[in-house]
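# Breakdown of the fold
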Amino acid sequence: ALLKKTNAGDAQAQLTVGEAYLSGISVAQDYTAAASWLQKAADQGLAHAQYDVGTLYEAGNGLPQDDGRAAASYRKAAEQGYAPAQLHLGLLYDRGTGIPQDYAQAAGWYRKAALQNVPEAEYNLGTFYERGIAVPQDYSQAADLYRRAAEQGNASAQFNLGLLYDNGTGIEKNYAQAAAWYTKAAEQGLPRAQFNLGSMYANGQGVPVNLVQSYVWLDLAAKTWSGSRQQDAEKARDLVASHLSPA
């Protein structure tokens, strides 16, 4: 029945079949078949399909890799209010990939997606406010956006919110809050958060002094990072180890 609808030109059915091929659920994954069906649905104006076609162009899956065409397809969906497309169009403007770099356009699309509670858009717009990119620098606004993304589990936003609390930037300095947000990000494997949390346990900032916890987090950071940051974490870890009593 579904195949009958797709052949009859039913856009929603074409999207369903295209996404089945895209995900490999219920049928063997086939990017070429996915692209064919999704393009048919996109040509009928279905925003979700237009977004999917954009992702295929961007990744070069089932369609030739073409960031310009990805941007054009994302734009069609974004202008219909489709939040994931708004985020991805913002990312392309942010990076200058497939379209000329334009931070004001990036900020505008991030804002539209952020208003629909897309955590990556909230985080990205927060970084713009923190740095004053295409918007007036506003640490308080950055903190609000980071918090919204952090509460949805975005690790980078959790870290940045922790850093604002740690430094008292845009919000009142609060080491306990900093440690709490670093913990959430550290548990998701973010080495910057692991390092800062390990340092807080060593110094008793926001948490009671706990050299074992400090060592654990600094060791994780050292194993995740590379280059000079890895060396910093190793030095901090080894310093903590030198103060641990032998078992």
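Position numbers for residues count from 1 along each chain, tracking the sequence in the order it is written. Reporting of local features is limited, given that this is a predicted model, to residues whose pLDDT is at least 70; pairs of side-chain atoms are given and counted only at 80 or more, and all residues count toward the totals for whole chains, interfaces and linings. Side-chain numbers here rest on the full set of heavy atoms in the structure, without hydrogens or water.

### Regarding the pattern of salt bridges
Throughout this description, the term salt bridge denotes a Lys or Arg side-chain nitrogen within 4 Å of a carboxyl oxygen of Asp or Glu. By the definition in use, this model includes five salt bridges. Its salt-bridge partner being Arg148, residue Glu122 comes within 3.1 Å of it at the nearest N-O pair. Linking Glu122 in helix α8 (residues 119-131) with Arg148 in helix α9 (residues 139-150), this pair joins segments that are 26 residues apart in sequence. Burial here depends on accessible area, computed with a 1.4 Å probe over protein chains only, as a share of the maximum for the residue type. Under 20% is buried, over 50% is exposed, and the range in between is partly exposed. Using a relative accessible area of 0% as the deciding quantity, one classes Glu122 as buried. Assessed through its relative accessible area of 32%, Arg148 is described here as partly exposed. Of the charged contacts in the structure, one is a salt bridge between Asp219 and Arg237, with a shortest N-O distance of 2.9 Å. You can see Asp219 sitting in helix α13 (residues 211-224) and its partner Arg237 sitting in helix α14 (residues 227-243), a full 18 residues away along the chain. Among the charged side chains, a salt-bridge network with shared partners connects Asp219, Lys223, Arg237 and Asp238. Helix numbering and strand numbering both begin at the N terminus, where a helix is a DSSP run of H or I of at least 4 residues and a strand a DSSP run of E of at least 2.

### Considering the environment of Ala185
By secondary structure assignment, the location of Ala185 is in helix α11 (residues 175-187). Under the relative-accessibility criterion, Ala185 is labelled buried at 0%. Taking the C-alpha atoms as reference points, Ala185 and Gln39, separated by 146 residues in sequence, lie 38 Å from one another. Here, residues are in contact when the closest pair of their heavy atoms is within 4.5 Å. Ignoring anything within four residues of it in the chain, the contact list for Ala185 reads Ala155, Gln158, Phe159, Leu190 and Ala193.

### Topic: the environment of Ala70
By the element assignment, Ala70 lies in helix α5 (residues 67-78). Classification of Ala70 by relative accessible area gives buried; the value is 0%. Separated by 58 residues in the primary sequence, Ala70 and Gln12 have C-alpha atoms spaced 21 Å apart. Once residues within four sequence positions are removed from consideration, Ala70 is found in contact with Gly54, Tyr57, Glu58 and Leu92.

### Concerning the nonpolar core
Counting 65 residues, the largest nonpolar core has Leu89 and Leu161 as its most contacted members. Per-element accounting of this core gives the leading share, seven residues, to helix α6 (residues 83-95). Those residues in contact with Leu89 that sit more than four places away from it in its chain are Ala71, Tyr74, Arg75, Ala78, Ile99 and Trp109. The definition of a nonpolar core used throughout is a set of buried Ala, Val, Leu, Ile, Met, Phe, Trp, Tyr and Cys residues joined through side-chain atoms within 4.5 Å.

### Considerations on the side chain of Asp94
Within the secondary structure layout, Asp94 lies in helix α6. Contact partners of Asp94, with chain neighbours within four places excluded, come to Gln101, Tyr103, Ala106, Tyr110 and Phe128.

### Concerning the packing of α9 against helix α10 (residues 155-167)
Between N-to-C directions, angles span 0 to 180 degrees; the directions come from axes that are lines fitted to C-alpha atoms, helices contributing only their stretch in contact. Packing of α9 against α10 brings their axes to within 8 Å, and their N-to-C directions diverge by 140°. Classified by the angle between their axes, α9 and α10 sit oblique to one another. Viewed along their axes, α9 and α10 form a crossing whose handedness is left-handed. From α9, Tyr139, Ala143, Tyr146, Arg147, Ala149 and Ala150 reach across to α10, where they touch Ala157, Gln158, Asn160, Leu161, Leu164 and Tyr165. The residue makeup of the contact of α9 with α10, split by class, is nine nonpolar, two polar and one charged. Angles below 35 degrees are treated as roughly parallel, those above 145 as roughly antiparallel, those between 65 and 115 as roughly perpendicular, and all remaining angles as oblique. For any pair of crossing helices, the crossing counts as left-handed if the nearer helix is rotated counterclockwise from the farther one by less than a right angle, and right-handed if it is rotated clockwise. Just so you know the grouping, Ala, Val, Leu, Ile, Met, Phe, Trp, Tyr, Cys and Pro go in nonpolar, Asp, Glu, Lys and Arg go in charged, and all remaining residues, Gly too, go in polar.

### What about helix α7 (residues 103-114)?
Relative to the 16 Å expected for twelve residues at 1.5 Å per residue, α7 spans 16 Å between its end C-alpha atoms, a close match to the ideal helical length. Burial in α7 covers these residues: Ala106, Ala107, Trp109, Tyr110, Ala113 and Ala114. Residues of α7 that are buried sit in contact with α5, α6, α8 and α9. Polar contact is defined as a pair of N or O atoms within 3.5 Å, subject to the rule that within protein one atom must be able to donate a hydrogen and the other to accept it, and that residues adjacent in sequence are counted only when both atoms are side-chain atoms. The N-terminus of α7 is capped by Asp102, whose side-chain oxygen sits 3.1 Å from the backbone nitrogen of Ala104. Multiply 1.5 Å by the residue count of a helix minus one, and that product is the helix's expected span.

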